[in-house]
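Report on the structure
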Amino acid sequence: MKLGSMPIAVLMQRRTPRHRWADEAWAAVGVVRDGGDLPPVQVLAESAERDEYLVSGLELELYPDENDGYYENFMAPEAKVFVLWRMQDGRAMPVRASVSYVEGTRMFDSGEQADGVPMPAEVQAWLRAYLHAHYQPKPRRGRQHG
């Protein structure tokens, strides 16, 4: 059962690396809240060296069975939004995003393309409010000997 959601847009980037083995490199590089007024794909910059575009239509969703992963990510030195993306029509397009550290790990382990981008302050505040209302960390237990 979903307990929260936030519409987002993902900033994607293509760059031309100076490396003889790679023609281009794609990555998710940022996330912003989508107020509903963004086009599906908005080109922000185009050049031979770098393209940047904003892709809307994704949603961060919060489910109680991922609470431990949300908390672990929130408490990390640098909280992330994890973005899974795939190549579509010659362009990297985000498919799914999450603020769960556990789900982010699954994205990286899946063999698909995924990036962790810094979590914006607005998303952090939203996640903090969710965790405050819906999560109680488990008490730490001492070492078990025996």
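Residues numbered from 1 in each chain as written. Predicted model: local features only at pLDDT ≥ 70, side-chain atom pairs only at ≥ 80, totals over all residues. Heavy atoms only, no water.

The name given to the protein in an unreviewed UniProt entry is DUF3305 domain-containing protein, with the source organism recorded as Pseudoduganella chitinolytica.

A closer look at unusual backbone geometry
Positive phi values are uncommon outside glycine, yet Asp89 reaches one of about 55 degrees. Its location among the elements puts Asp89 in the loop between β5 (80-88) and β6 (91-98). For Asp89, a relative accessible area of 85% gives the class exposed. (Helix = DSSP H or I, 4+ residues; strand = E, 2+ residues; numbered from the N terminus. Buried < 20%, exposed > 50% of the residue type's maximum accessible area, 1.4 Å probe, protein only.)

A look at the packing of aromatic side chains
Taken as a whole, this structure holds 5 aromatic pairs when the rule is applied. Measuring from centroid to centroid gives 6.5 Å for Trp26 and Tyr53, while their planes differ by 70 degrees, and the two rings are edge-to-face. Taken together, the residues span a long stretch of sequence, with Trp26 in strand β2 (residues 25-33) and Tyr53 in strand β4 (residues 50-62) at a distance of 27 residues. Classification of Tyr53 by relative accessible area gives buried; the value is 1%. An aromatic cluster is built from Phe82, Tyr101 and Phe108, whose rings are joined through pairwise contacts. Geometry around Tyr53 places Arg91 over its ring, the cationic atom sitting 4.4 Å from the centre. (Phe/Tyr/Trp six-rings, centres within 6.5 Å; stacked < 30°, edge-to-face > 60°. Lys NZ or Arg CZ within 6 Å of the ring centre and 35° of its normal.)

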